[in-house]
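Analysis of the macromolecular model
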Amino acid sequence: MKTYIEERAVEVANFIINSNATVRETAKKFGISKSTVHKDVTERLSKINPKLAGEARRVLEINKSERHIRGGLATKEKYLHQHLPLKKF
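Presented here is a report on the structure given in the accompanying data block. As the structure is a computational prediction, the values presented were derived from the model and not from experiment. Note on numbering: residues in each chain are counted from 1, in written sequence order. Only residues with pLDDT of at least 70 get local features here, since the model is predicted, and only at 80 or more are side-chain atom pairs given and counted; chain-wide, interface and lining totals rely on the full set of residues. Hydrogen atoms and water are omitted, and side-chain values are computed over all heavy atoms in the structure.

Topic: the overall build of the chain
The test is simple: Numbering of helices and strands runs from the N terminus; a helix is a DSSP stretch of H or I covering at least four residues, while a strand is a stretch of E covering at least two. Contact criterion: two residues are considered in contact whenever any of their non-hydrogen atoms come within 4.5 Å of each other. For accessible areas, the Shrake-Rupley method is used with a probe of radius 1.4 Å. Any residue's cover is judged against the shown protein chains and nothing else.
When you go through the chain residue by residue, the secondary structure sums to four helices and zero strands. Along the chain, helices (α) and strands (β) appear in the sequence α-α-α-α when read from the amino end. Expressed as a percentage of contacts within the chain between residues at least 6 apart in sequence, the contacts between residues at least 24 apart total 57%. When the accessible surface of the chain is totalled, it reaches about 6900 Å², and 55% of it is carbon and sulfur.

Pasting the structure below:
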């Protein structure tokens with residue numbers, strides 16, 4: 001594996017752990033795809049630093065278990081700011 005990929009995998013994991021970031025937030029920060037973030041944390045990092053990989057995976061699992069809540073809040077926020085036409089009777 002190329003060294004820049006190994007370095008990126010470690011940086012990605014540290015970012016996820018330190019900021020409790022989601023895969024989407026991490027991908028945006030590093031300018032890579034969500035699948036690359038996932039592959040860095042689950043596959044590549046396991047070979048480089050298994051302990052760090054486990055910590056990052058734990059954060060991602062927590063985020064995954066909470067994603068339905070964040071989605072609901074985002075939808076609620078969207079509709080709170082949307083102007084609905086008045087009904088005429």
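Re the packing of helix α1 (residues 3–19) against helix α3 (residues 34–48)
Worth spelling out the cut-off: Only C-alpha atoms enter the line fits that serve as axes; for helices the fit covers just the stretch in contact. Angles between N-to-C directions range over 0 to 180 degrees. Note on angle classes: values under 35 degrees are labelled roughly parallel, values over 145 roughly antiparallel, values of 65 to 115 roughly perpendicular, and the remainder oblique. Polar here means any residue other than Ala, Val, Leu, Ile, Met, Phe, Trp, Tyr, Cys and Pro, which are nonpolar, and Asp, Glu, Lys and Arg, which are charged; Gly is therefore polar.
Where α1 meets α3, the closest approach of the two axes is 9 Å, and the angle between their N-to-C directions is 110°. With respect to α3, the axis of α1 lies roughly perpendicular. Across from Ile5, Glu6, Arg8, Ala9, Val10, Val12, Ala13 and Ile16 in α1, the residues of α3 making contact are Thr36, Val37, Asp40, Val41, Arg44, Leu45 and Ile48. Tallied by class, residues from the contact of α1 with α3 come to ten nonpolar, one polar and four charged.

Regarding α3
Where we set the bar: Multiply 1.5 Å by the residue count of a helix minus one, and that product is the helix's expected span. Burial here depends on accessible area, computed with a 1.4 Å probe over protein chains only, as a share of the maximum for the residue type. Under 20% is buried, over 50% is exposed, and the range in between is partly exposed.
Helix length check: α3, at 15 residues, gives a terminal C-alpha distance of 20 Å against a target of 21 Å (1.5 Å per residue), a fit within 8%. Taken as a whole, α3 has its buried residues at Val37, Asp40, Val41, Arg44 and Leu45.

Focus: unusual backbone geometry
Phi is positive for Asn20, which is not a glycine, with a value near 50°. Relative to the helices and strands, Asn20 is located in the loop between α1 and α2 (23–30).

Some words on the pattern of salt bridges
What counts is decided by this rule: Salt-bridge detection follows one rule: a side-chain nitrogen of Lys or Arg within 4 Å of a carboxyl oxygen of Asp or Glu.
The full count for this structure, using the stated rule, is four salt bridges. The partner of Lys39 in a salt bridge is Glu43, and the shortest N-O contact between them spans 3.9 Å. Taken as a pair, Lys39 and Glu43 lie in helix α3 at a separation of four residues, close to a single helical turn. The residue Glu55 makes a salt bridge to Lys51 at a minimum N-O spacing of 3.6 Å. Here the residue Glu55 and the residue Lys51 both occupy positions in helix α4 (residues 50–80), the gap between them amounting to four residues, near one helical turn. A single salt-bridge network, built from bridges that share partners, covers Arg8, Asp40 and Arg44.

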